[in-house]
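# Summary of structural features
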Amino acid sequence: ATTLAGVEDILADELKRRGARDGEKGRRAVTFQGDLGFVYKVNFRSRFALRVLKPIKTFVAIDEDAYYARIKALAWENILSPSQTFAIRSVVNSQTFRHSNFMALKAKDAIVDRIREKTGERPNVDKENPDIPIHIRIDRELVTISLDSTGESLHLRGYRQLTGQAPLNEVLAAGIVELSGWDPTTPFYDAMCGSGTLSME
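Criteria and cut-off values
- Residues numbered from 1 in each chain as written.
- Predicted model: local features only at pLDDT ≥ 70, side-chain atom pairs only at ≥ 80, totals over all residues.
- Heavy atoms only, no water.
- Buried < 20%, exposed > 50% of the residue type's maximum accessible area, 1.4 Å probe, protein only.
- Helix = DSSP H or I, 4+ residues; strand = E, 2+ residues; numbered from the N terminus.
- Polar contact = N/O pair within 3.5 Å; in protein donor to acceptor, adjacent residues only side chain to side chain.
- Core = buried A, V, L, I, M, F, W, Y, C linked by side-chain atoms within 4.5 Å.
- Contact = heavy atoms within 4.5 Å.
- Pairing = 2+ DSSP bridges.
- Axes fitted to C-alpha atoms, helices over the stretch in contact; angles between N-to-C directions.
- Parallel < 35°, antiparallel > 145°, perpendicular 65-115°, else oblique.
- Left-handed = near helix turned anticlockwise from the far one by under 90°.
- Nonpolar A, V, L, I, M, F, W, Y, C, P; charged D, E, K, R; others polar.

## Remarks on helix H5 (residues 170-180)
Within H5, burial applies to Glu170, Val171, Ala173, Ala174, Gly175 and Val177. One side-chain oxygen at the N-terminal end of H5 lies 2.8 Å from the backbone nitrogen of valine 171; it belongs to asparagine 169. In the stretch just after H5, glycine 181 is the one whose phi turns positive, near 75°.

## Some points on the nonpolar core
Counting residues in hydrophobic clusters, the biggest one holds 23 residues, and the most contacted among them are Tyr67, Ile71, Ile111, Ile134 and Ile136. Counting residues per element, the ones that place at least two in this core are helix H3 (64-73), strand E4 (85-93), helix H4 (100-119), strand E6 (132-139) and strand E7 (142-148). Not counting chain neighbours up to four residues away, the residues in contact with tyrosine 67 comprise Phe59, Ala61, Phe97, Met103, Ala104, Lys106, Ala107, Ile136, Ile138 and Val143. If you look at the next biggest cluster of nonpolar residues, it comprises 17 residues, including Leu11, Leu15, Ala20 and Val42.

## What about the sheet that holds strand E5 (residues 124-125)?
What the five strands build is an open sheet, ordered E3-E7-E6-E4-E5; its pairing is mixed. Both edges of this open sheet fall to strand E3 (53-60) and E5, since each of them pairs with a single strand only. Across six bridges, E6 lies against E7 in antiparallel orientation. Across the sheet, aspartate 139 pairs through a bridge with leucine 142, a residue of E7.

## With respect to the side chain of histidine 155
Note that histidine 155 resides in the loop between E7 and H5. With residues up to four places along the chain from it excluded, the contact list for histidine 155 reads Leu50, Asn169, Glu170 and Val171.

## Some words on the packing of H3 against H4
Interaxial distance between H3 and H4 falls to 8 Å at its minimum, and their mutual angle equals 40°. In terms of orientation, H3 and H4 fall into the oblique class. Note on packing geometry: the crossing formed by H3 with H4 is right-handed. Counted together, Glu64, Tyr67, Tyr68, Ile71, Lys72 and Ala73 of H3 and Phe102, Met103, Ala104, Lys106, Ala107, Asp109, Ala110, Ile111, Asp113, Arg114 and Glu117 of H4 form the full contact between these two elements. In the contact of H3 with H4, the residues fall into 10 nonpolar, no polar and seven charged.

## Here's the deal with the packing of helix H1 (residues 8-18) against helix H2 (residues 36-45)
Interaxial distance between H1 and H2 falls to 11 Å at its minimum, and their mutual angle equals 130°. The orientation of H1 relative to H2 falls into the category oblique. H1 and H2 meet at a crossing whose hand is right-handed. Within the contact between the two elements, H1 uses Glu14, Leu15 and Arg18 and H2 uses Phe38, Lys41, Val42 and Arg45. In terms of residue class, the contact of H1 with H2 is made up of three nonpolar, no polar and four charged.

Written as structure tokens, this is what we have:
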């Protein structure tokens, strides 16, 4: 489950309370074990997660050719059919691989090439509403490929139709309220209310 910097501890506590097993805090994320029902529960109920990802492959890539080859070697035909759409979101923290958009494009080429070779057809990309959202995280030379069970980020709660010029991220607001130690039996004052995110969260 990904989150914002500083919110990892309370996300880990939340996941544990809801039944996660083997929770481990990382940088802007908490890894955990749970079945498919638990994945649905986190997506539906978490206040502090941004996305829930299911890792399917981790590998080391020393250059772009190795990155492409490792992704292409994955049996994508068992994950994605040519009639389905997909989209890739990438996060890069690396001196070797510097541009997240380029790495997403390279991964897209590898997936399409693999499926075309195996089936004779190719799936299409749909950035707005893909059937299979894919998340790639590159940390130095370590690449993790995950299926994104969330789709649209969980900070988009659905209650806000209009925003101010600089709205506060809802997950961050929920985290601030939790970290403040506020007691729900006492009044809550938000002196800088803006569009009211802290109060709503």
